[in-house]
Amino acid sequence: MAAMVEIPAILEKLRAAAQERDWSLLPDQLAEALTHVEYFAGLEIALKRAYEHLPYFEEHHPEASWARALLVWLASYGAPPADLPMDAGLPHHSPGAANYVSALIEVARSAERKTPYENRMRFLANAISNLIVAELAAAWYSENADVWAFQQEAGDEVDEETGEPVRQVIQASFWMDERTAERDTEIWLEVADQIEQKLGR
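First things first, this report covers the structure right here in the doc. (Residues numbered from 1 in each chain as written. Predicted model: local features only at pLDDT ≥ 70, side-chain atom pairs only at ≥ 80, totals over all residues. Heavy atoms only, no water.)

1. So, the overall build of the protein
Link 1 in the chain: Of the regular secondary structure elements, the protein holds nine helices and zero strands.
Link 2 in the chain: Along its sequence from the N terminus, the protein presents helices and strands in the succession α-α-α-α-α-α-α-α-α.
Link 3 in the chain: For 201 residues, the compact-globule estimate of 2.2 N^0.38 gives 17 Å, and the C-alpha radius of gyration of the protein, at 18 Å, lies within 12% of that figure.
Link 4 in the chain: Taken across its 201 residues, the protein has 47% of its residues classed as buried.
Link 5 in the chain: Counted over contacts in the protein with a minimum sequence separation of 6, partners at least 24 positions apart contribute 70%.
Link 6 in the chain: Accessible area of the protein: about 10700 Å², with a carbon and sulfur share of 52%.
Link 7 in the chain: Both charge centroids of the protein, one from 16 positive and one from 35 negative side chains, sit 10 Å from each other. (Helix = DSSP H or I, 4+ residues; strand = E, 2+ residues; numbered from the N terminus. Rg over C-alpha atoms; globule rule 2.2 N^0.38 Å. Buried < 20%, exposed > 50% of the residue type's maximum accessible area, 1.4 Å probe, protein only. Contact = heavy atoms within 4.5 Å. Areas by Shrake-Rupley, 256 points an atom, 1.4 Å probe, with all protein chains shown as cover. Lys, Arg positive; Asp, Glu negative; His and termini not counted. Charge placed at Lys NZ, Arg CZ, Asp CG, Glu CD.)

This is how it looks when you write it as structure tokens:
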């Protein structure tokens, strides 16, 4: 009963952090919220987001068939394969790809049943957080394709106005963009709603 009483407060904190875009709190609060649902309910939330982003990833990395294979395996067995794909460690140069790959590996690690439950939930929360960043990056850079090309070409150069690396300046523009902020909050609120639905509240 006490745990059920805590749920509204936990979700309220998660939604408040989403409104503020407080990423210093969001992953931890998500992990805490996930501890109150069945593991496979949380896994379903993560896998759904991963599948939704998969076409974008495959469009930019058609050779990375391992991603779909890993998702199919996790969805079918609810456990990681004996060995994670070696190709996952290769560079994937496209918007949000690094976050997406990290998310897939974290989902797989969350499915390891010998891992303490709280750690599994933290892997799952980190995976969902990385999936959100991947979605945000894909959306913004798709609308600013020329910026992505420039970032790849001149990212290590120093911006004359700020004295910072060009890559860092561009990434700050992406993160502070008004539409990115709106999407960020919308997605986190959607995740909170999904958790609430899993609880049947």
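2. Observations concerning the packing of helix 2 (residues 26-34) against helix 6 (residues 117-143)
Link 1 in the chain: Helix 6 packs onto helix 2 with a crossing angle of 130° between their chain directions and a minimal axis gap of 8 Å. With respect to each other, helix 2 and helix 6 are oriented oblique. The way helix 2 lies across helix 6 gives a crossing that is right-handed. Contacts between helix 2 and helix 6 involve P27, D28, L30, A31 and L34 from the first element and M121, R122, L124, A125, N126, I128 and S129 from the second.
Link 2 in the chain: Per-class residue counts for the contact of helix 2 with helix 6 are eight nonpolar, two polar and two charged. (Axes fitted to C-alpha atoms, helices over the stretch in contact; angles between N-to-C directions. Parallel < 35°, antiparallel > 145°, perpendicular 65-115°, else oblique. Left-handed = near helix turned anticlockwise from the far one by under 90°. Nonpolar A, V, L, I, M, F, W, Y, C, P; charged D, E, K, R; others polar.)

3. Here we look at helix 3 (residues 39-60)
Link 1 in the chain: Here helix 3 contains 22 residues, and its C-alpha end-to-end distance of 31 Å stays within 8% of the 32 Å for a straight helix at 1.5 Å per residue.
Link 2 in the chain: At L54, helix 3 is deflected by roughly 40°, the largest bend along its length, and proline P55 occurs up to four residues later in sequence. (Expected span 1.5 Å × (residues − 1). Bend = angle between axes of the 7 residues up to and from the residue.)

4. Observations regarding the environment of A134
Link 1 in the chain: Here A134 shows up in helix 6.
Link 2 in the chain: Counting along the chain gives 48 residues from A134 to M86, while the straight-line C-alpha distance between them is 21 Å.

5. Points about helix 7 (residues 145-154)
Link 1 in the chain: Residues of helix 7 that are buried include every one of W148, Q151 and A154, and no others. With its buried residues spanning 155° around the axis, helix 7 presents them on a single face. Exposed residues pointing more than 90 degrees away from the buried face of helix 7 are listed as D146 and E153.
Link 2 in the chain: Where helix 7 is buried, its residues meet helix 6 and helix 8 (166-176). (Arc of directions from axis to C-beta.)

6. Topic: the packing of helix 6 against helix 9 (residues 178-198)
Link 1 in the chain: In contact at an axis separation of 10 Å, helix 6 and helix 9 are set at 150° when each is read in the N-to-C sense. Classified by chirality, the crossing of helix 9 by helix 6 is right-handed. Residues I128, S129, I132, E135, L136, A139, W140 and E143 of helix 6 form the contact with helix 9, whose participating residues are T180, R183, D184, I187, W188 and V191.
Link 2 in the chain: Among the residues making up the contact of helix 6 with helix 9, the classes are represented as eight nonpolar, two polar and four charged.

7. Examining the environment of P80
Link 1 in the chain: Checked against the element boundaries, P80 lands in the loop between helix 4 (65-77) and helix 5 (97-110).
Link 2 in the chain: Excluding residues within four positions of it along the chain, P80 makes contact with W73, L74, A108, A111 and E112.

8. Brief notes about the pattern of salt bridges
Link 1 in the chain: The tally for this structure, following the rule as stated, stands at 13 salt bridges.
Link 2 in the chain: One salt bridge in this structure joins E58 and R68, with 2.7 Å as the shortest N-O distance. Remark: R68 occurs in helix 4 and E58 occurs in helix 3; sequence separation between them is 10 residues.
Link 3 in the chain: For E58, a relative accessible area of 21% puts it in the partly exposed group.
Link 4 in the chain: Across the pair R183 and E143 runs a salt bridge, and its minimum N-O distance is 2.4 Å. Here E143 lies in helix 6 and R183 lies in helix 9, a separation of 40 residues in the sequence. (Salt bridge = Lys/Arg side-chain N within 4 Å of Asp/Glu carboxyl O.)

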